[in-house]
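Residue strings, one per chain:
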Amino acid sequence: MQHNLGIKLSRLFMKKSTTYILQVRPKIPDRLARLEELADNLWYSWDRPTRSLFASLHPGLWKATGQCPKAFLKRVDEQRLLDASEDQVFIGNFNRVLAAYDTYHDNRSPASGSDWLRKDDLIAYFCAEFGFHESFPIYSGGLGILAGDHCKAASDLRLPFIGVGLLYRQGYFHQTIDSDGNQIASNTDSQFEDLPITPAKRADGTDAYTSLNLPGRKLDIKIWQAKVGHITLYLLDTDLYSNSPHDRDITHRLYGGDKVMRIEQEIVLGIGGVCALLELGLKPTVWHINEGHAAFLVLERMRQKIVNDGLKFSEALEAVAVNTIFTTHTPVPAGHDHFSEGMVQEYFDNYFTELKLTRDEFLSLGRTKDSSDFNMTALAIRCTRYNNGVSRIHGDVSSVICGDLWPEIEHHENPMTYITNGVHAPSFLASEWFDIFERHLGLEWSARMNDVEFWKCVDKIPDHLFWSVRQTLKAQMLSMVRERITAQHFRNHGSEAHLDRLLKYVNPENPNILTIGFARRFATYKRATMLFGDLDWLREILHNPQRPAVFIFAGKAHPADIPGQDLIRRITQISKLPEFIGKILMVEGYDLGLSRMMVSGVDVWLNNPLYPLEASGTSGMKAGINGTINLSILDGWWGESYDGANGWAIKPVSELLSEEVRTREETRTLYELLQDQVVPLYYEHGKMGYSPNWVKMAKRSMASIMPRFNSKRMVGEYLAKCYLPASRQYQLYKQSQYENSQVIAGWKVRIRHAWPGVALRRIDIGQLEIKFGESLHFEVGVKLNGLNPNDIVVEMLLGFSSHGKTLRMPHRYRLVATSASTESGESIFAADVKPEHCGRLEYHIRAFPFHKMLTHPFELGMMRWL
């Protein structure tokens, strides 16, 4: 009693006293001085030997500091460093890491393709979040991880590339789950001195700052930088003494606060980002807006061209749009950021004047057909010329969602295209595969990442060796799951006896039980609980003692997403039913570390979103490159990847049916696949103790997914389809003090004025039947309404009869303007056409505006059909 009383009194006195903090840093021995260089470059985020090197100095501290090298070096005991400097094993590992680091960074020659860029080219990539590693928490989920992988691949390709984002004190929340399945979110402020960042510098060596105007005040912004291999990421920070408490909080929390905070974050990212690059003397020739959060950057760039270069608004818009790429990741209209017109007017009132626009003209930049709100996606599309979704299906969905911005163009032909996402293989491929690939595929495997034929050589890996690696990775994953479940269980006051039941099927010493993983953001459309649609059927699948299976769930729901949190509660409730104890597990604290373990360690990766709401999905790619087999709805990337032999597919039920019916039918397919194919195949053991056909499918998963869904391929595709064309178009539009920007802007004004009066009329008498090899003569009268014949293209589309549907891959024949005209003054366009096929054909005739300097032939959104 006296002892406890003494402790309480001691704590009471400590509460009354002032706490002073003293940081004592170890001196790093000269021999290990370059540890600091390694800690300051996010190259460590994808180089596992570097992380292992730090971990070997003090595994417990490495874990306690969140695997952050910079924080680790500030806290590790100096004696450990001194001992390591004399440890020949450590020095050998250290030298190998440095050799790899120097080889990577000394190679500055552009990779194939990137050498086509001009010497003065610079690509600026804007995103609201970047996910490189759990030690740098300025991301929340898929968008951020994708942005991080984009930067890593740009570094691998040695592109002239920079990233621009926000530096948050609080990244996404840390998650715990109580015994009832309630998600508990907690936030921790990052200490910037512990992060792999340094203040960005001006040319004179002083710290770089910029500023912008908010309603009634000036906002100061500090610019930080992080090295990511060959490239630099610039991050903006408003947490400065010169700002008000409210303004200091703008960059405090990722996606935090209300609409006011949201618009202010997006102003800082877009407008502040442009100003920051100007302050640093950086002059991008290509700009990439990754999701609509950064779309305000186009307004500041146009303002600068009007103020500094004397352009009119229409001319500035063309000069800005022509070298700007916009990537949308949102599969539903409601997901696009939007703000009320009143709010936009409050923040951008000064831009009306500087852009020389009326209030209505300015606000119309962000208007959509169905809402008067200012829509960030609409702004981005109107002020860019390269637009893409992030998978083939999502590209089609986005072309429909955004189709009203090109009102007279059919969805499949409008400028919205797609570039399917990819994942950074060095970050997510388990290191155990590296040696296997070098031995059986050759040392060049990483250089031939995109070579589809090369990756067929995965079949050369002996089955028993492939299976052994898979089991090793599974054991490591199960060990982490056990550790997290144990901590979660005891924190929630669970008993040791019950813990044994929970962990019965996740035993690293016996990783021979079929393990199925589901880990991602808990949004309702991802249907995390679809597995539980028929508990009796599920019980039947799981209750075969000769064929046990375990499902491991992990993921976070946004703190404001109550339905998403309900999914976590539901999984927890099901996991507590006596028949499912130990067979269904909900693991808390989902982060990049757990993600890497799960995608490489589970046997099957489950994904069952409501079609077509999965824009892309990248977790399945990460699983697939590790030999994990996907079981997924044919949505997002899986709609392109599934080939019948590399996993299992759930075909979406018709969208015309209710969501309840669709989910019920797709749940039935899921159960049938699990019961009839997945479980039996896994336990189809041969004489070696594993299923040869399972290994065959796992190899096919790896071989088919690695070359097509890695981020090198993705960034290479952006380079070919967007970055190179945008750079060339910008040079064309910029020459002679933006003369061509002025030309194209003036031409568009003329087209828009005349187009309502443009009309087509058939002049020739159409034939219904001809013999193969004969030609047809077509004549069309076009009322040009003041335009010139060379201002438009008149063409015929000819193809097999489509029975009222869009012609598939029609032949296009251009009708040429003749010198003749009709009595009513229509210009006559004519062509002789010789069909190349027999059968029942159909044709359509149309006209659209044309100028040789257009970036996309249909960017005006205008079309006339006969």
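Refer to the preceding data block for the structure.
Only a predicted model underlies this, so the values are computations on that prediction, with no experimental measurement involved. (Residues numbered from 1 in each chain as written. Predicted model: local features only at pLDDT ≥ 70, side-chain atom pairs only at ≥ 80, totals over all residues. Heavy atoms only, no water.)

Colleague: Which residues make up the overall build of the protein chain, and what values go with them?
Modeller: In terms of regular secondary structure, the protein chain is built from 28 helices and 27 strands. Expected size for 866 residues packed as a compact globule is a radius of gyration near 29 Å; at 30 Å, the protein chain falls within 12% of this value. For the protein chain, the C-alpha atoms occupy an extent of roughly 110 × 70 × 50 Å along the three principal directions. A buried classification covers 57% of the 866 residues belonging to the protein chain. By sequence separation, contacts in the protein chain at least 24 residues apart represent 73% of the contacts at least 6 residues apart. (Helix = DSSP H or I, 4+ residues; strand = E, 2+ residues; numbered from the N terminus. Rg over C-alpha atoms; globule rule 2.2 N^0.38 Å. Buried < 20%, exposed > 50% of the residue type's maximum accessible area, 1.4 Å probe, protein only. Contact = heavy atoms within 4.5 Å.)

Colleague: Explain unusual backbone geometry to me, and be specific about the residues and the numbers.
Modeller: Geometrically, the link from Tyr611 to Pro612 is a cis peptide bond, its omega value of 0° lying close to zero. Here Pro612 shows up in the loop between strand 18 (604–607) and helix 24 (619–625). In this structure, Arg158 takes a positive phi of about 55° despite not being glycine. Residue placement: Arg158 occurs in the loop between helix 8 (142–156) and strand 2 (161–166). The backbone of His493 shows a phi angle near 65°, a positive value even though the residue is not glycine.

Colleague: Describe the sheet that holds strand 17 (residues 584–587), naming the residues involved and giving the relevant values.
Modeller: As summarised here, the arrangement of the 6 strands in space is 17-16-15-18-19-20, forming an open sheet in which the pairing is parallel. Each of the sheet's edge strands pairs with one partner strand only, and the pair in question is strand 17 and strand 20 (647–650). For this sheet, the mean inter-axis angle between neighbouring strands, taken without regard to orientation, is 20°. As paired elements, strand 19 (residues 629–633) and strand 20 share 4 bridges and run parallel to each other. Among the inter-strand pairings, Asn630 is bridged to a residue of strand 20, identified as Gly647. Together, strand 15 (514–519), strand 16 (549–554), strand 18, strand 19 and strand 20 form the strand contacts of helix 26 (residues 659–682), whose direction differs from that of strand 20 by roughly 165°. (Pairing = 2+ DSSP bridges. Axes fitted to C-alpha atoms, helices over the stretch in contact; angles between N-to-C directions.)

Colleague: Any details on a negative patch on the surface? Residues and values, ideally.
Modeller: A cluster of acidic residues, Asp77, Asp83, Glu86 and Asp87, forms a negative patch at the surface. The topology assignment puts Glu86 in helix 6 (residues 78–86). (Patch = residues over 30% accessible without salt bridge, like charges linked within 9 Å, V, L, I, M, F, W, Y side chains within 5 Å. Areas by Shrake-Rupley, 256 points an atom, 1.4 Å probe, with all protein chains shown as cover. Salt bridge = Lys/Arg side-chain N within 4 Å of Asp/Glu carboxyl O. Lys, Arg positive; Asp, Glu negative; His and termini not counted. Charge placed at Lys NZ, Arg CZ, Asp CG, Glu CD.)

Colleague: Could you give an account of the nonpolar core, with specific residues and numbers?
Modeller: One finds Phe136, Phe296, Leu299, Phe348 and Phe362 to be the most contacted residues of the largest nonpolar core, which totals 174 residues. Residue contacts for Phe136: discarding those within four places in its chain leaves Leu42, Phe130, Leu167, Leu195, Pro196, Ile197, Ala226, Leu233 and Leu235. Within the second largest apolar cluster, 98 residues are counted, among which are Trp455, Phe553, Met586 and Ala703. (Core = buried A, V, L, I, M, F, W, Y, C linked by side-chain atoms within 4.5 Å.)

Colleague: Tell me about the pairing of strand 19, and please be specific about residues and values.
Modeller: For strand 19, a buried count of 5 out of 5 residues is recorded, marking the element as mostly surrounded by other parts of the structure. In this region the chain leaves strand 18, passes through helix 24 and returns to the parallel neighbour strand 19; the handedness of that crossover is right-handed. (Right-handed = clockwise from strand over helix to strand, strands pointing away.)

Colleague: Would you mind going over the packing of helix 3 (residues 48–57) against helix 7 (residues 88–106) in detail, with residue names and values included?
Modeller: The description of two helices packed together rests on the angle between their axes and the distance between the axes. The contact between helix 3 and helix 7 brings their axes to 10 Å, and the two run at 155°. Taken as axis vectors, helix 3 and helix 7 run roughly antiparallel relative to one another. For the pair helix 3 and helix 7, the crossing hand works out as left-handed. Touching Pro49, Thr50, Leu53, Ser56 and Leu57 of helix 3 are Phe90, Asn93, Phe94 and Val97, all from helix 7. Of the residues belonging to the contact of helix 3 with helix 7, the class tally is 6 nonpolar, 3 polar and no charged. (Parallel < 35°, antiparallel > 145°, perpendicular 65-115°, else oblique. Left-handed = near helix turned anticlockwise from the far one by under 90°. Nonpolar A, V, L, I, M, F, W, Y, C, P; charged D, E, K, R; others polar.)

Colleague: Please give an account of the packing of aromatic side chains that cites residues and values.
Modeller: In the structure shown here, the tally under the stated rule is 42 aromatic pairs. Consider the rings of Phe532 and Phe553, whose centres lie 5.9 Å apart with planes at 40°: the pair is tilted. Of the two residues, Phe532 sits in the loop between strand 15 and helix 21 (535–542) while Phe553 sits in strand 16, which places them 21 residues apart along the sequence. Accessibility classification places Phe532 together with Phe553 in one group, the buried group. A connected cluster of aromatic rings, assembled from ring pairs, spans Trp433, Phe434, Phe437, Trp445, Phe454, Trp455 and Phe466. (Phe/Tyr/Trp six-rings, centres within 6.5 Å; stacked < 30°, edge-to-face > 60°.)

Colleague: Requested: an account of the side chain of His293, with residues and values cited.
Modeller: In this fold, His293 is placed in the loop between strand 9 (286–290) and helix 11 (297–309). Exposure remark for His293: the relative accessible area of 8% places this residue in the buried category. Once residues lying within four places of it in the same chain are set aside, the contact partners of His293 are Ala128, Leu143, Tyr255, Arg262, Glu266, Leu269, Asp337 and Met376.

Colleague: Residues and numbers for the environment of Glu129, please.
Modeller: Within the element layout of this structure, Glu129 appears in the loop between strand 1 (123–126) and helix 8. The residues contacting Glu129, other than those within four sequence positions of it, are Ile138, Tyr139, Ser140, Gly141, Leu143, Gly144, Ala147, Leu254 and Tyr255. Among the polar contacts made by the side chain of Glu129, one reaches the main-chain amide nitrogen of Ser140 at a distance of 2.7 Å. (Polar contact = N/O pair within 3.5 Å; in protein donor to acceptor, adjacent residues only side chain to side chain.)

Colleague: How would you summarise helix 23 (residues 592–601) if you had to cite specific residues and measurements?
Modeller: By the criterion of burial, helix 23 is predominantly enclosed, with 9 of the 10 residues buried. Within helix 23 the residues assigned to the buried category are Leu592, Gly593, Leu594, Ser595, Arg596, Met598, Val599, Ser600 and Gly601. Its side-chain oxygen placed 3.1 Å from the backbone nitrogen of Gly593, Asp591 serves as the N-cap of helix 23.

Colleague: Residue-level account of helix 8, with values.
Modeller: Its 15 residues give helix 8 an end-to-end C-alpha distance of 21 Å, which sits within 8% of 21 Å, the value for a rise of 1.5 Å per residue. Of all 15 residues making up helix 8, 14 are buried, and the element is well covered by its neighbours. Looking one or two places after helix 8, you find Arg158, whose phi comes out positive at around 55°. (Expected span 1.5 Å × (residues − 1).)

Colleague: Account for the pattern of salt bridges, naming residues and giving values.
Modeller: Where charged atoms of side chains with opposite charge meet at close range, the side chains can pair. Following the criterion strictly, the structure yields 50 salt bridges and no others. Between Arg217 and Asp247 there is a salt bridge, with its nearest N and O atoms 2.8 Å apart. Separated by 30 residues along the polypeptide, Arg217 in strand 7 (residues 217–228) and Asp247 in helix 9 (residues 245–248) bring together distant segments of the chain. Here Arg217 falls in the partly exposed class, since its relative accessible area comes to 27%.

Colleague: Run through the sheet that holds strand 27 (residues 864–865), naming residues and quoting values.
Modeller: Taken together, the 7 strands give an open sheet; going across it, the order is 21-22-25-24-23-26-27, and neighbouring strands pair in antiparallel fashion. Of all strands in the sheet, those with a lone pairing partner are strand 21 (759–762) and strand 27, marking the two edges. With 9 bridges joining them, strand 23 (residues 792–800) and strand 26 (residues 841–849) adopt antiparallel strand pairing. The partner of Leu797 across the bridge, within strand 26, is His844.

Colleague: Give me the environment of Gln23: which residues, what numbers.
Modeller: Mapped onto the secondary structure, Gln23 falls in the loop between helix 1 (2–16) and helix 2 (35–39). On the basis of relative accessibility, which here comes to 39%, the residue Gln23 falls in the partly exposed class. As for Gln23 and Arg75, which are separated by 52 residues in sequence, their C-alpha atoms are 8.6 Å apart. A distance of 3.2 Å separates a polar side-chain atom of Gln23 from the backbone oxygen of Lys74.

Colleague: Mind laying out the side chain of Thr251, listing which residues take part and the relevant values?
Modeller: Position of Thr251 relative to the elements: it lies in the loop between helix 9 and helix 10 (259–279). A relative accessible area of 1% means that Thr251 is categorised as buried. If near-sequence neighbours (up to four positions away) are discounted, Thr251 is found in contact with Leu166, Leu167, Tyr168, Arg169, Leu236, Asp237, Thr238, Asp239 and Val268.

Colleague: Describe the pairing of strand 6 (residues 209–214), and please don't skip the residues or the numbers.
Modeller: Judged by which residues are buried, strand 6 turns out to be one-sided: Thr210, Leu212 and Leu214 face inward and are buried, whereas Tyr209, Ser211 and Asn213, on the alternate face, are not. Pairing of strand 6 with strand 7 involves 6 bridges; the strand directions are antiparallel. The residue bridging Thr210 from the neighbouring strand is Ile221, located in strand 7. Connecting strand 6 to the antiparallel partner strand 7 that follows it, the hairpin turn spans 2 residues, and Gly216 within it adopts a positive phi of roughly 75°.

Colleague: Describe the packing of helix 19 (residues 463–491) against helix 27 (residues 692–705), listing the residues and the values that go with them.
Modeller: With their axes 10 Å apart at the nearest point, helix 19 and helix 27 run at an angle of 75° to one another. When the interaxial angle is binned, helix 19 and helix 27 end up roughly perpendicular. Between helix 19, through Asp463, Phe466 and Trp467, and helix 27, the contact on the second element is made entirely by Trp694, Val695, Ala698, Lys699 and Met702. Broken down by class, the residue content of the contact of helix 19 with helix 27 amounts to 6 nonpolar, no polar and 2 charged.

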